[in-house]
Amino acid sequence: MSDFALRILTRQETVLATRVTSVLIPGSEGDFQVLGNHAPIVSALRPGRIVAACNGEQKDVEVTGGFVVVTPDHVDVLVDLADLTPG
Amino acid sequence: MQSPREVGRHIRTIREIRHLTRAMKLVAAAKLREAQARVEAARPFARKISEVLLDISSFAGYVHPLMAGRPPRTVGVMVVTSDRGMCGRYNDDIIKAALDLIDRTSGRDAARVIAVGRVGARALRELGIPILEERSLVSKRPTFALARAIAARILKAYDARDVDHVYLVYSRFYSAMEQRPRVFRLIPIAPVGGSRTDRLPAGVCLFEPSAKEVVDHLVTRYVQVEVYRALLEAEAGERGARMTAMSAASDNASEIIERLTLTFHRSRQAQITREIADIVGGAEALAAEQFSGNSVPSTGAESEGA
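Cut-offs and rules
- Residues numbered from 1 in each chain as written.
- Chains lettered and ligands numbered in written order.
- Predicted model: local features only at pLDDT ≥ 70, side-chain atom pairs only at ≥ 80, totals over all residues.
- Pairing = 2+ DSSP bridges.
- Helix = DSSP H or I, 4+ residues; strand = E, 2+ residues; numbered from the N terminus.
- Axes fitted to C-alpha atoms, helices over the stretch in contact; angles between N-to-C directions.
- Buried ≥ 20, exposed ≤ 12 C-beta atoms within 10 Å, placed from the backbone.
- Contact = placed C-beta atoms within 7 Å.
- Nonpolar A, V, L, I, M, F, W, Y, C, P; charged D, E, K, R; others polar.

Observations regarding the sheet that holds strand β4 (residues 165-173) of chain B
Residue and element names in this part refer to chain B. The 5 strands are arranged β3-β2-β1-β4-β5 in an open sheet whose pairing can be described as mixed. On the outer flanks of this sheet lie β3 (131-135) and β5 (179-187), each paired with one strand and no other. With strand direction ignored, the average angle separating the axes of adjacent strands in the sheet is 15°. The sheet contact formed by β4 and β5 spans 8 bridges and is antiparallel. Bridging from a neighbouring strand, R172 pairs with R180 of β5.

Digging into the pairing of strand β6 (residues 48-54) of chain A
Residues and elements named next belong to chain A. Bridge analysis of strand β3 (residues 22-27) against β6 gives 3 bridges, and the strand direction is antiparallel. Of the residues in β6, the one forming a bridge with V23 is A52. Relative to strand β7 (residues 57-63), β6 runs antiparallel, the two sharing 7 bridges. Bridge pairing in β7 links A52 to K59. Between β6 and β7, which follow one another and run antiparallel, lie 2 residues, and N55 among them has a positive phi close to 50°.

Some remarks on unusual backbone geometry
Peptide bonds are trans in most cases, and residues, glycine excluded, mostly fall at negative phi. Residue B:P188 is bonded to the preceding B:I187 through a cis peptide linkage, with omega at 0°. Tracing the backbone through its elements, the reader meets B:P188 in the loop between β5 and β6 (206-208). A cis amide bond, omega 0°, links B:E208 with the succeeding residue B:P209. Positionally, B:P209 belongs in the loop between β6 and α6 (211-291). The backbone phi angle of A:N37 is positive, close to 55°, even though this residue is not glycine. Locating A:N37 in the fold gives a position in the loop between β4 (30-35) and β5 (41-45). The exposure class assigned to A:N37 is exposed, which follows from the 10 C-beta atoms found within 10 Å. Although it is not a glycine, B:M86 sits at a positive phi angle of roughly 60°.

What about the interface of chain A and chain B?
In this assembly, 23 residues from chain A lie in contact with 24 residues from chain B. Elements with a minimum of two residues in the side of chain A that touches chain B: β1 (4-9), β5, β8 (66-71) and β9 (74-79) of chain A. With 4 residues, the top contributor of residues to the side of chain A that touches chain B is β5(A). Its residues assigned to classes, the side of chain A that touches chain B comprises 9 nonpolar, 8 polar and 6 charged. For β5(A) and β6(B), the ladder comprises 3 bridges, and the chain directions are parallel. Bridge pairing in β6(B) links A:V42 to B:F207.

Some words on helix α4 (residues 118-126) of chain B
Here α4(B) has its buried residues at B:R118, B:V119, B:G120, B:A121, B:A123 and B:L124. Of the surrounding secondary structure, the elements contacted by the buried residues of α4(B) are β1 (75-80), α3 (90-104), β2 (111-116) and β3 of chain B.

Here is the structure:
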């Protein structure tokens, strides 16, 4: 599975910047999963949990509203608040 | 010439001033580092918003009113200065840049100022330029809440047609020694983005829920984020300017102390020389007396002793 760059950004800081193979996004029109080489999409987000996975490791980030920009090699999540769940 | 005592007092005063300016320099340096870190941390978000807007504007098939723009009858200018002085030319440079901009665009009567920082607000009001809104940081760090409030004020003024174009004038931070005023056109929006690999391709891009909603959302964020960035940059610039100013003040104090110390020694030497001259003069007068006989009555004991 091809990996891609995931960044979760708030106005104040970069909450997460890592390479992942899959990420689950709480889109405003429903959750969707992004894998490598995903079609470009710009979507609004509803508050929820982003689940990023890489080599069996998983990272959860709670986010408030914002939006996500998906290009084949990058996923950028721009939100008001993001909280990286430890563990 | 001042007496050594007076010069000494003067030196002590200058030393105390140097203590103060040195302390202020250290405080500014510490705050500068924090402010710089905040500027850096806020950059990726601002850059991304700008890039996405730039990409989308070319193919979304929807042009937001703030991007389309309208002829500038009135020009809104957000001017970010400090609340206090003691930071060299920092405020003067910004006020000058703002005035240049106003004179170049709408003229002073058709300008509407949103002043952040007391120094700028006072200076522009004295020049008779209409102030739309005045905010003060009260020397605290800028918050996003403040940026959002200012952004809301700008958008409200735009909707009410109080302003047609909006500029941000603030100090761009390059280094502690160098801050230059930056004039940035906020409205109409013209996002900037460098060359990069994650460009959104035209044609195949999807928007959820719709292009219009995405663009509207982005535009609001963009305005907030640019205002926020201006506040952060200005804060770093102000700290840098204050640090440089206080550093220069400390150097000047050292120079004055050196000069005064020289004066002190000269005046002390002069005093000693004068005293020696008095003593020698006195002694010579006494000696002359003895050789010239009893021109001045003297006691018998003294003559016998000599």
